[in-house]
Amino acid sequence: MDRFKKYDTFFLVIFCLLISQSIRAEIKLPGYFTDNMMLQRDMPIKIWGWGNRYETVTVSIHDQKVNTRCKKDGTWEIILSPIPYGGPYSLTVQGKENSIKIENILIGDIWLCSGQSNMEWTVEQSANSKQEVQNANYPEIRALKVPKSIKNSPQDNFNAQWEICSPSTVGAFSGIAYYYARALYKEVQIPIGIINASWGGTDIETWISDEAFTALPSNVQKQYNMEVVNNLEEYIRQNKGQKQAFLDAMENDPGINNQWFIPGFNTVAWEEMRVPGEWGTTPLSLIDGHVWFKYDLNLTCTEAGRPATLSLGTIDDADITWVNGTKVGNASGWDTPRIYSIPPGILKEGSNNITVRVTDNGGSGGMWGQEADIYLEIDNTRHSLAGNWKYQMSVANADYHVLDITPNMVHSSLYNTMIHPLTPFRIKGVIWYQGENNVGAGYDYRTLFQTQIKDWRTRWGYELPFYWVQLANLYPEDTTPVGSSWAELRESQAMTLELPHTGQATIYDIGDAYSIHPTNKQEVGRRLSLIALHKDYGRDSLVYSGPTFQNVSFKENTAVITMNTYGSQLTIHNKYGYLEGFSIAGEDRKFVWAKAFIDANGKIIVYNENIAKPVAVRYAWSNNPAANLFNAQGLPAIPFRTDSWKGVTEK
């Protein structure tokens, strides 16, 4: 009997081996090789995948049919001859055990669209979205969204589906990527593919490969917790259970259960905080969860019972708001204005209580709008609510030891998962919108940004065109010239134009002072497309850049500036015809606002009557420049300063 059991075990092992071999023998392609995909025109086409070692693989497309064999490790690749733009085509991959067929392939130009949240911002979130979605019938524009994932080692694959541009799909496309693709397609009538590999709130360091990052000078390398770097997957695994406990507590908020929103709730032990204000410099700076705020306001007998409007400005990330124990509204979205209607009968004479539960899901939170936006309005009379509010945490991530697992914990983590798997795939070039997360380290960005571009070009093996968006304007305009971390970051971006086949879209004129996500993505995409049309599609006469600083000379009490206009001419966007945005400094290096005009020779003359011997000039050097120097095509002059970097030299 034991002898038969041994035979049974033997045959079972043989059967399992045969099954496993047949599974391994199936030919596979990368998970983003799907129906409706695009392949890059006029370049050798690389097709690759996995199978059983030494197995023969046959690839067919259009008029080409090529054979190869899997290597010992099961990988295979085939290089097909370039194909001009066109289609649709079918791609067939034949192995020993299976065949794969991909339909409706177009050959055209593929652009990788990467960066942080402004690149991630969708068509649905952009301006005029309803009409844009309705009109988005462009079947020769195809889009691929790279799934979000972080790893501390390079990955070879991901699964995603190519989409045909239509009203049913375009809403989820990156707004900038779509408007860029649309502008190119309308002009050149070539199929355009866009690959969206973006993640909001990410540092540039996480988009650079480990090899390139570790070769950086030590003073530029961001310092990371090496325990996390070396054990990222374990940290993610441990965090899952802790985070679930935290989320359960968020759902069972003791503030709700104990009715913290009622007017008479005891707040003697609560702390105080100035509202409006972000949590970044407060005890809540590292807190995610629920934080409750209370404020009491006295009203007159004539105001009692009246309908009113409650404005709380913007709240990061979500809120529920009560007035005298009655819920009057709730909303989510860190840049969404909170304006709630208070029905008649809720307000009373004497003390009135406003309670706001703020929920922060990541990063800095708080009620962070402008003071003028925090008010209660009754019959056109506004009562300011800016001032000290009582606050108390009800649920905090720190109590559950929840780690904020983000790509920024580990350098290269997004390169590993969202860029490296694409490097065998031929593309036309890259458009990039990132930098907000590196504001405050603008000098280091000079090295980091150029390192990233060179790194990606090394990984693809050829000089990818690389075009980016210079940071938009943000925050209120300055009343006096001051230093600006945003201007320093913009300067580092502009300096990167020293690299060959690069370009920059400047947009400080179309941003939003109170939102880091300006919604006019159409113009951003259009300005990027001008660069590509000029540099890659033969539109040599097309003006693609605003004026850039060329040189300065100082004559007596004036500065004389020469600008590169790229064949255009300088114009002033001001109905009075005078230039704004210039500041000037004497030998004491203290900058003051300057007067400026364009002379008959096209030079810019800058001066201040109180500066007898100027030594430096700055233009648009602020977070939100009040600057109005443009070219005839409506493109703004690139910000500059003469006291540091000497100008833009494009190659």
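Being a predicted model, the structure only gives us computed values, none of them experimental.

Participant: So what exactly am I meant to see when it comes to the nonpolar core here?
Facilitator: Side chains of nonpolar character tend, in soluble globular proteins, to be buried together. With 117 residues, the main nonpolar core has Phe 33, Leu 112, Ile 195, Phe 425, Trp 456 and Leu 528 as its most contacted residues. Examining the composition of this core, we find that 9 residues originate from one element, helix 4 (residues 175–188), more than from any other. Beyond its immediate stretch of four places on either side in the chain, Trp 456 contacts Leu 112, Ser 114, Trp 207, Tyr 415, Ile 419, Val 430, Trp 432, Leu 464 and Phe 466. Listed in part, the 31 residues of the second largest apolar core include Trp 279, Leu 347, Ile 354 and Trp 389.

Participant: Quick question: what am I supposed to make of the sheet that holds strand 15 (residues 318–323) here?
Facilitator: Pairing between the strands of a sheet comes from backbone hydrogen bonds, and it takes one of two forms, parallel or antiparallel. Ordered in space as 11-22-13-18-15-16, the 6 strands form an open sheet in which the pairing is antiparallel. Bordering the open sheet on either side are strand 11 (271–275) and strand 16 (326–332), each of which pairs with just one other strand. Recorded for the sheet is a direction-independent mean angle of 30° between the axes of neighbouring strands. Judged from the 5 bridges that link them, strand 11 and strand 22 (residues 387–396) form a sheet pairing that is antiparallel. Directly across from Met 273, in strand 22, lies its bridge partner Trp 389. Sheet contacts for helix 7 (residues 232–251): strand 13 (289–299), strand 18 (350–360) and strand 22; angle to strand 22, the most-contacted strand, approximately 125°.

Participant: For this particular structure, what's the right way to read the packing of aromatic side chains?
Facilitator: For any pair of aromatic rings, the description consists of the separation of the ring centres together with the inter-plane angle of the planes. According to the stated counting rule, one finds 37 aromatic pairs in the structure shown. One aromatic cluster is present, built from ring pairs that chain together Trp 207, Trp 432, Tyr 445, Phe 449, Trp 456, Trp 460, Phe 466 and Trp 468. Above the plane of the ring of Tyr 375 lies Arg 382, whose end atom (NZ or CZ) is 3.9 Å from the centre.

Participant: What's the story with the pattern of salt bridges in this structure? I'm lost.
Facilitator: Any two side chains of opposite charge can pair, on the condition that their charged atoms come close. In total, this model carries 24 salt bridges according to the counting rule given. Between Asp 319 and Arg 338 there is a salt bridge, with its nearest N and O atoms 2.7 Å apart. Here Arg 338 lies in strand 17 (residues 337–342) and Asp 319 lies in strand 15, a separation of 19 residues in the sequence. Classification of Asp 319 as buried rests on a relative accessible area of 3%. Note that Arg 382 and Glu 377 form a salt bridge whose closest N and O atoms lie 2.8 Å from each other. A cluster of three or more residues bridged by salt bridges with shared partners is formed by Asp 509, Glu 523, Arg 526 and Arg 527.

Participant: How do you make sense of helix 7 when you look at a structure like this?
Facilitator: Residues that lie three or four places apart on an α-helix share one face, since the helix turns once every 3.6 residues. For helix 7, which comprises 20 residues, the first-to-last C-alpha distance of 28 Å matches the rise-based estimate of 28 Å (1.5 Å per residue) to within 8%. Roughly 30° is the biggest bend found in helix 7, and it falls at Lys 240. Listed in full, the buried residues belonging to helix 7 are Leu 232, Tyr 235, Asn 239, Phe 246, Ala 249 and Met 250. Summarising the contacts, the buried residues of helix 7 are in contact with helix 6 (226–230), strand 13, strand 18 and strand 22.

Participant: What exactly am I supposed to notice about helix 10 (residues 442–460) here?
Facilitator: Taking 1.5 Å as the rise per residue, helix 10 with 19 residues should run 27 Å; its terminal C-alpha atoms sit 27 Å apart, in good agreement. Phi for Gly 461, located one or two positions after helix 10, is positive at around 90°.

Participant: Sorry, what's going on with the pairing of strand 32 (residues 604–607) here?
Facilitator: Looking along a regular strand, one sees the side chains alternate between the two faces of the sheet. In this structure, strand 27 (residues 558–564) lies alongside strand 32, joined through 4 bridges in antiparallel fashion. Bridge pairing in strand 32 links Ile 561 to Ile 604. Of the strand pairs in this sheet, strand 31 (residues 595–598) and strand 32 are connected by 4 bridges, and their pairing is antiparallel. Looking across to strand 32, one finds that Lys 595 is bridged to Tyr 607. Joining the antiparallel neighbours strand 31 and strand 32 is a turn of 5 residues, in which Gly 602 adopts a positive phi near 80°.

What counts, and where the lines are drawn
- Residues numbered from 1 in each chain as written.
- Predicted model: local features only at pLDDT ≥ 70, side-chain atom pairs only at ≥ 80, totals over all residues.
- Heavy atoms only, no water.
- Core = buried A, V, L, I, M, F, W, Y, C linked by side-chain atoms within 4.5 Å.
- Buried < 20%, exposed > 50% of the residue type's maximum accessible area, 1.4 Å probe, protein only.
- Helix = DSSP H or I, 4+ residues; strand = E, 2+ residues; numbered from the N terminus.
- Contact = heavy atoms within 4.5 Å.
- Pairing = 2+ DSSP bridges.
- Axes fitted to C-alpha atoms, helices over the stretch in contact; angles between N-to-C directions.
- Phe/Tyr/Trp six-rings, centres within 6.5 Å; stacked < 30°, edge-to-face > 60°.
- Lys NZ or Arg CZ within 6 Å of the ring centre and 35° of its normal.
- Salt bridge = Lys/Arg side-chain N within 4 Å of Asp/Glu carboxyl O.
- Expected span 1.5 Å × (residues − 1).
- Bend = angle between axes of the 7 residues up to and from the residue.

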